[in-house]
Amino acid sequence: MLKLHREEANNLNKLEAPPENFSTAMRALYNLVFKRTSTYAVGIMASVFFFERAFDVGAESLFEYANKGKLWKDIKDKYEQE
Amino acid sequence: MALRITSSLLKSANGQTLQQLNKFSTSAKAWSRGQKTLAMLTGITVGGASALLFALESSVRASGGEVHPPEQPWSHNGIIQSLDHASIRRGYEVYKQVCAACHSMKYIAYRNLIGVSHTEAEAKAEAEEAMVKDGPNDLGEYFMRPGKLSDYFPSPYPNEEAARAANNGAYPPDLSWIVSARKGGEDYIFALLTGYHDPPAGIVLREGQYYNPYFPGGAIGMAQALYNEALEYSDGTPATASQLAKDVSVFLKWASEPEWDERKRMFIKAMGMLSILIGLTYYIKRHKWSSLKSRKISYHPRSKSE
């Protein structure tokens, strides 16, 4: 009984090692970020910040590319004083 | 011990799970007779109902004497196309110098123009041109003052009765949301403004009525308002009658749907996000099913001699 318990605990520990087929970079990323819930959560929050910024800028530039010359920002130079 | 109990609790009933999962499998599988009948009946009902609705709608469209407005190639047609803001600005000039003589736009304020067709300084100057009734002051009297950014566009008549009395009983409708309020939208506005001509033989118009085939009934209380060179655009665009009509249609489109551009932005973002999610969903489905789809169950009967 006790032996089984220890075996299972060992197996759980093994799960925390990065999978064999990971490259060196992936292994480093795994050990640094994905392995612990604490770093994983921080990683999610940080990547959300960058992803959202990039996504919004990308969507906005697609909109402005499709509507070049029609938007207020394209014509406002003609009317702004100073 | 604890591990054992939890692991046995977490163990799923495989036979039942497989049966449930089978319903969600994407691999080809035969439909049962009942399922086929149900699908067929659903198809017939939905198809029949749509055909009936389409036929009813078409017959309604064919009734009545008015001409349906042709669809114009607006630059804001299309799934990510914004409104043309230079056109909105010219359209405001047309509204202010022509339409505003009879039509109110009492739900649009001068502040709404900022960042759409005018700068803040310009919108302030536009507002100050209008005199607005305010009060009461500390003597209890109402007084006139120059408009502020927060003021709404002034109405030409104090109330509907005054408007009717001045226009042979016809009420010039408020133009704030007219594009959303008329079938055909901006196509209808454009067709109406450019569609005036002499009444055909047999149509008798009363005094103060004009003939316009796009107006339901044909007899409209509004005279043709837009002619070539009816006004001069501040940006130098040639002011032909159709250019005036086009610009004021775009302006009224903006007034009715000021969130138009924002909606197009949100569409791009929503579609981008959903396409990422659908890719993820597909991957996770394949991932979760990989073990179920690749497993084999073998049956080794115990031989009698054993």
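What you see is a predicted model; the values in this text were computed from it and never measured.

Cut-offs applied
- Residues numbered from 1 in each chain as written.
- Chains lettered and ligands numbered in written order.
- Predicted model: local features only at pLDDT ≥ 70, side-chain atom pairs only at ≥ 80, totals over all residues.
- Heavy atoms only, no water.
- Helix = DSSP H or I, 4+ residues; strand = E, 2+ residues; numbered from the N terminus.
- Buried < 20%, exposed > 50% of the residue type's maximum accessible area, 1.4 Å probe, protein only.
- Areas by Shrake-Rupley, 256 points an atom, 1.4 Å probe, with all protein chains shown as cover.
- Contact = heavy atoms within 4.5 Å.
- Buried area = accessible area lost by both parts, 1.4 Å probe.
- Salt bridge = Lys/Arg side-chain N within 4 Å of Asp/Glu carboxyl O.
- Polar contact = N/O pair within 3.5 Å; in protein donor to acceptor, adjacent residues only side chain to side chain.
- Nonpolar A, V, L, I, M, F, W, Y, C, P; charged D, E, K, R; others polar.

(A) Here's a closer look at the overall build of chain B. Looking only at helices and strands, chain B has ten helices and four strands in total. From first element to last, N terminus to C terminus, chain B shows the α and β order α-α-α-α-α-β-β-α-α-α-β-β-α-α. Within chain B, the fraction of its 306 residues that count as buried is 30%. Accessible surface, chain B as shown: approximately 20100 Å² in total, 59% of it carbon and sulfur.

(B) View of the interface of chain A and chain B. At the interface, 19 residues of chain A touch 28 residues of chain B. Interface area, chain A with chain B, both sides summed: about 2100 Å², of which 67% is carbon and sulfur. On the chain A side of the contact with chain B, A:Phe63, A:Lys70 and A:Trp72 bury the most area, a combined 32% of that side's loss. Counting the contacts that link chain A with chain B gives two salt bridges. With its nearest N and O atoms 2.9 Å apart, the salt bridge here joins A:Glu60 to B:Arg265. For the pair chain A and chain B, the number of links is eight residue pairs in polar contact (both at pLDDT 80 or more). Of all the secondary structure elements, the ones that give two or more residues to the side of chain A that touches chain B are helix H1 (2-15), helix H3 (37-66) and helix H4 (72-75) of chain A. In terms of residue count, the dominant contributor to the side of chain A that touches chain B is H3(A) (eight residues). A per-class count over the side of chain A that touches chain B returns twelve nonpolar, two polar and five charged.

(C) Representation of the environment of B:Tyr110. All names here are of chain B. Tracing the sequence through the fold places Tyr 110 in the loop between helix H4 (85-97) and helix H5 (120-129). Once the C-alpha coordinates of Tyr 110 and Ser 150 are considered, the two residues, 40 residues apart in sequence, prove to be 6.4 Å apart. Ignoring any residue separated from it by four or fewer positions in sequence, one finds Tyr 110 in contact with Tyr 92, Ala 123, Glu 126, Ala 127, Ala 130, Lys 148, Leu 149, Asp 151, Tyr 152, Phe 153 and Pro 154.

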